[in-house]
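Results of the structural survey
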Amino acid sequence: MKIDFNKSEGLVPVIIQDSQTLEVLMLGYMNEEAYLKTQKEQKVTFFSRSKNRLWTKGEESGNFLLVRNISVDCDNDTILIKAKPVGPTCHTGSRSCFKTDYNQNFIFELENIIADRYENPSAKSYVNSLRQKGINKIAQKVGEEGVETVIAALAESETDFINEASDLVFHLLVLLKEKGITLDQIAKNLESRHR
């Protein structure tokens, strides 16, 4: 990858995108030193124009951006980094510096929440109660929610259908976690079947 740091006085814009949801999280700038540090440490480091120094995102808050992929645009003067955010990205406490009405990719966030419930079980967690009942009960819940979704689609209101479809997706996500399968694997499989 050859990045042209000479076009804009040594700085290039860097777009940070959530590696899972593809949501744009923030925009920053890098000089060559920041880029090399980012590559070496696999944590996003910018050149702060206001501080006039290198600045690793999360160095004070702990809300790092862990690098998953780096690519450069066709003119070699803009960097796109897909990262895993550790905590909120914006200094305001929001997940993104860009204001959106809702998280368009909440299903990926829900997958992470379910994974967290597996890693940090709580007696109050519905996911934990399902998990304790075992894979047979989890699979049964997916079947029940599937039937309820079909019934709602054929004979109930749009609101009922949305609620039942949401229950189905939630329980399917729990079953996927129980089986050790990710949404990323499902997406790749669907893409390969589409070709």
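All residue numbers refer to positions counted from 1 along the written sequence of the respective chain. Given that the model is predicted, a residue must reach a pLDDT of at least 70 before its local features are reported, and side-chain atom pairs must reach 80 or more before they are shown or counted; all residues, however, enter totals for whole chains, interfaces and linings. Water and hydrogen atoms play no part in the side-chain values, which are based on all heavy atoms of the structure.

1. Comments concerning the pairing of strand S2 (residues 24–30)
Pairing of strand S1 (residues 12–18) with S2 involves six bridges; the strand directions are antiparallel. Its bridge partner lying in S2, Ile-15 is registered against Leu-27. Between S1 and S2, which pair antiparallel and follow one another directly, the connecting turn spans five residues, one of which, Leu-22, has a positive phi of 70°. Two strands pair under a simple rule: DSSP has to find at least two bridges between them. The helix and strand labels rest on DSSP assignments: H or I over at least four residues marks a helix, E over at least two residues marks a strand, and numbering proceeds from the N terminus.

2. Focus on the environment of Lys-177
Inspection of the secondary structure assignment puts Lys-177 in helix H5 (residues 158–179). Any two residues having at least one pair of non-hydrogen atoms within 4.5 Å are treated as being in contact. Discounting chain neighbours no more than four positions away, the residues touching Lys-177 are Ile-114, Ala-115 and Tyr-118.

3. Digging into the packing of helix H3 (residues 126–133) against H5
To get an axis, a line is fitted to the C-alpha atoms, and for a helix only the part in contact is used. The angle between two axes follows their N-to-C directions and goes from 0 to 180 degrees. Where H3 contacts H5, the two axes come as close as 11 Å, and the packing angle between them is 55°. Between H3 and H5, the angle is such that the two are oblique. Like other packed secondary-structure pairs, H3 and H5 cross with a definite hand, here right-handed. For the pair formed by H3 and H5, the contact residues are Tyr-126, Val-127, Leu-130 and Arg-131 on the first element and Phe-170, His-171, Val-174 and Glu-178 on the second. Counted by class, the contact of H3 with H5 contains five nonpolar, one polar and two charged residues. Angles are sorted into four bins: roughly parallel if under 35 degrees, roughly antiparallel if over 145, roughly perpendicular if 65 to 115, and oblique for all others. In this scheme the handedness of a crossing depends on how the near helix is turned from the far one: anticlockwise by less than a right angle means left-handed, clockwise means right-handed. Residues are grouped as follows: Ala, Val, Leu, Ile, Met, Phe, Trp, Tyr, Cys and Pro are nonpolar; Asp, Glu, Lys and Arg are charged; all remaining types, including Gly, are polar.

4. Some details on the domain arrangement of the protein chain
Delimitation of the domains relies on an automatic or database domain assignment. Taken domain by domain, the protein chain consists of domain 1 (5–85) and domain 2 (106–194). If you average the C-alpha positions of domain 1 and of domain 2, the two centres end up 34 Å apart.

5. Examining the pattern of salt bridges
By salt bridge we mean one thing: a side-chain nitrogen of Lys or Arg within 4 Å of a carboxyl oxygen of Asp or Glu. Within this structure, the stated rule accounts for seven salt bridges. Linking Asp-77 and Lys-7 is a salt bridge whose minimum nitrogen-to-oxygen distance equals 3.3 Å. Of this pair, Asp-77 sits in the loop between strand S5 (65–72) and strand S6 (79–85) while Lys-7 is found in the segment before S1, placing the two residues 70 residues apart along the sequence. Each residue's exposure class comes from its accessible area (1.4 Å probe, protein chains only) as a fraction of the maximum for that residue type: buried when under 20%, exposed when over 50%, partly exposed otherwise. Taking the relative accessible area as the measure of exposure, Lys-7 reaches 47% and is therefore partly exposed.

6. Focus: the nonpolar core
The set of buried Ala, Val, Leu, Ile, Met, Phe, Trp, Tyr and Cys residues whose side-chain atoms join them within 4.5 Å is what this entry labels a nonpolar core. If you look at the biggest cluster of nonpolar residues, it comprises 21 residues, and the most contacted ones within it are Ile-16, Met-30, Val-44, Ile-79 and Ile-81. Contributing elements (two or more residues each) for this core: S1, S2, helix H1 (32–41), strand S3 (45–48), S5 and S6. Those residues in contact with Val-44, other than ones at most four positions away along the chain, are Ile-16, Met-30, Thr-38, Trp-55, Thr-56, Lys-57, Leu-65, Val-67 and Ile-81. Counting 13 residues, the second-largest nonpolar core is a separate cluster that includes Leu-110, Val-127, Leu-130 and Ile-138.

7. A look at H5
Expected span, for any helix, means 1.5 Å times one less than how many residues it has. The end-to-end C-alpha separation of H5 is 31 Å, in line with the 32 Å expected for 22 residues at 1.5 Å each. Residues Glu-164, Phe-170, His-171, Leu-173, Val-174, Leu-175 and Leu-176 constitute the buried set of H5. Residues of H5 that are buried sit in contact with helix H2 (106–119), H3, helix H4 (135–155) and helix H6 (183–194). Of the residues flanking the end of H5, it is Gly-180, one or two places downstream, whose phi is positive at about 75°.

8. As for the sheet that holds S5
Each strand in a sheet pairs with another by means of backbone hydrogen bonds, the pair being arranged parallel or else antiparallel. Pairing in this open sheet of four strands is mixed, and the strands run S2-S1-S6-S5 from one edge to the other. Since the sheet does not close on itself, it has two edges, and those belong to S2 and S5, each with one partner. Averaged over all adjacent pairs, the angle separating strand axes in this sheet is 25°, with direction ignored. Where S1 lies against S6, five bridges are found, and the strand directions are parallel.

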